[in-house]
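Fold and geometry: a report
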Amino acid sequence: MLGYFKNAFTPRRDHADCSGCSLCLLVCPVWRQSRDVSLTPPGHFKAMQHGTSAADAAASVENCTLCMACEPVCPENIDITGIILELRRQLAAPAWMHGLQARMTEMAGRKAASAPSSSTMLLPDQALHAHPDLLARVVRLLGNNGTFPVSDDSSLDISLALEAGVAIPEQHLQRFLKLLRRLKKIIVADGLLLRHLKQWLPKADIIGLGEALSGHPAVRRGLCTTDLYVIEPRAYHSDYQRLVKHYDRLRVAHGCAFNLDLQRIAIPATARNLPQRLGLTMPNDEGQTRWVLHGRNINRIVVESLEERAVLEKVSNFPVVHLAELVDDGGHAQQT
Ligand code: SF4
Ligand code: SF4
């Protein structure tokens, strides 16, 4: 892929630099489902070049799944995700957002959390938070049967605010970052938060949960040649130049298939737009999930993100397991 050879330090460019080449359509799940160019980057960037406002682009801005698959392929190195998030921030906040805005303001006035007692912290996403048994298993595994702290709900709120385009009060954000600066290692389940943390704390050691688990020797031993390993796309695209090598090593060593082939390149099984992600409208992700699975010769699906599990189970007859479930409680790879 052309974009994979871009220099990581090449400055990101603005919507004005979009040439309209449409290469990003090749990987965009919104284009695949809608065939409506007005909902895609060249559609709304070209419209913006002719003076349309954020309000005119509202449908497009809401429909983007923020999978970030378009960024590696863009020859102009346009900051597509950053532009979409900025447009979300410019859109007038609908009524359902007011609760989140009020919560952000309330959190800005909270007392600072005490300093972490460990050098590592896990920032789980909403789905992992909702499964405490699996969350405890992840901590045991990554802590080598020891333990380390799990972030409180402030990281969940910040993730949600980023996704929805709600302003995060500076005081709240700085307090959250101050806590993280004391850590040696930060493991992040939410890919959008991971992307921002890498920008906010460029010197910190921050990795995605999928990378952390798939780098664990016992987890790796649990993978096999008939697995489809579903990469969480946001975390992947936040650091694709490095992670493409990580997953290639996994493929060579364990022979599993990945959702990395052209047009299914790390596109989310849960291809949800903003209202669907926030639970305001019904998700319409089964077509996308079938496409990710189409033509695969596999016996099992392994996921990095629990968000993917329900829809994958719904449209396939294969067992779907989270990476942490590849290892039993004794720390040994589960037999398939
Ligand atoms: S982030 Fe994903 S859904 Fe949004 S424009 Fe890019 S490829 Fe399409
Ligand atoms: S790949 Fe980049 S330059 Fe080409 S249409 Fe998409 S956003 Fe514009």
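This report concerns the structure included in the present document. Just so you know, these numbers come straight off a predicted model, no measurement behind them.

**Looking at the site of ligand 2**
Cys18, Cys21, Cys24, Pro42 and Cys74 are the nearest of the 14 residues found near ligand 2. Looking at the shell around ligand 2, the element that brings in the most residues is helix 2 (residues 41-49), giving three residues.

**A word on the environment of proline 124**
When you line up the elements, proline 124 lands in the loop between strand 1 (120-123) and helix 7 (126-129). In this structure, the C-alpha to C-alpha distance between proline 124 and serine 151, residues 27 residues apart in sequence, is 7.2 Å. Among residues more than four places away in sequence, those in contact with proline 124 are His129, Leu135, Val150 and Ala189.

**So, the nonpolar core**
Judged by nonpolar contacts, the single largest core of 79 residues is most densely connected at Ala69, Cys70 and Val188. Once you skip the residues sitting within four places of it in the chain, cysteine 70 turns out to touch Cys24, Val27, Cys28, Pro41 and Ile80.

**Things to note about the site of ligand 1**
Around ligand 1, the structure places 15 residues, and the nearest of them are Cys28, Cys64, Cys67, Ala69 and Cys70. Of all the secondary structure elements, the ones that give two or more residues to the shell around ligand 1 are helix 1 (29-34) and helix 5 (80-90). Taken together, the residues that form the shell around ligand 1 break down as 12 nonpolar, three polar and no charged.

**A few points about the sheet that holds strand 4 (residues 227-230)**
As summarised here, the arrangement of the four strands in space is 5-4-6-7, forming an open sheet in which the pairing is parallel. Of all the strands in the sheet, just strand 5 (257-258) and strand 7 (320-322) have a single pairing partner and so form its edges. By the bridge criterion, three bridges tie strand 6 (residues 300-303) to strand 7 in an arrangement that is parallel. Across the sheet, residue valine 303 finds its bridge partner in strand 7, namely histidine 322.

**Focus on the packing of helix 9 (residues 154-164) against helix 11 (residues 191-200)**
Helix 11 packs onto helix 9 with a crossing angle of 90° between their chain directions and a minimal axis gap of 9 Å. For the element pair helix 9 / helix 11, the angle class is roughly perpendicular. For the pair helix 9 and helix 11, the contacting residues are Ser155, Ile158, Ser159, Leu162 and Glu163 in the first and Leu192, Leu193 and His196 in the second. Residues that form the contact of helix 9 with helix 11 fall into these classes: four nonpolar, three polar and one charged.

**Re the sheet that holds strand 3 (residues 205-208)**
Within the open sheet, the three strands sit side by side as 1-2-3. Their pairing is parallel. At either margin of the open sheet sits one strand with a lone partner, and together these are strand 1 and strand 3. Strand-to-strand twist in this sheet, taken as the mean axis angle between neighbours without regard to direction, amounts to 20°. Bridge count for strand 2 (residues 185-188) against strand 3 is four bridges, and the pairing is parallel. Residue pairing in the sheet places isoleucine 187 in a bridge with isoleucine 207 of strand 3. Along the sheet, helix 11 contacts strand 1, strand 2 and strand 3; its crossing angle with strand 3, the most-contacted strand, is approximately 160°.

**Description of helix 17 (residues 286-293)**
What sets the pattern is the α-helix's 3.6 residues per turn: residues three or four places apart point alike. Listing the buried residues of helix 17 in full gives Gln288, Thr289 and Val292. Along the long axis of helix 17, the arc covered by the buried residues comes to 100°, so they all point the same way. Within two residues after helix 17, glycine 295 carries a phi angle of roughly 75°, on the positive side.

Criteria and thresholds
- Residues numbered from 1 in each chain as written.
- Chains lettered and ligands numbered in written order.
- Predicted model: local features only at pLDDT ≥ 70, side-chain atom pairs only at ≥ 80, totals over all residues.
- Near = placed C-beta within 6 Å.
- Helix = DSSP H or I, 4+ residues; strand = E, 2+ residues; numbered from the N terminus.
- Contact = placed C-beta atoms within 7 Å.
- Core = buried A, V, L, I, M, F, W, Y, C linked by C-beta atoms within 7 Å.
- Buried ≥ 20, exposed ≤ 12 C-beta atoms within 10 Å, placed from the backbone.
- Nonpolar A, V, L, I, M, F, W, Y, C, P; charged D, E, K, R; others polar.
- Pairing = 2+ DSSP bridges.
- Axes fitted to C-alpha atoms, helices over the stretch in contact; angles between N-to-C directions.
- Parallel < 35°, antiparallel > 145°, perpendicular 65-115°, else oblique.
- Arc of directions from axis to C-beta.

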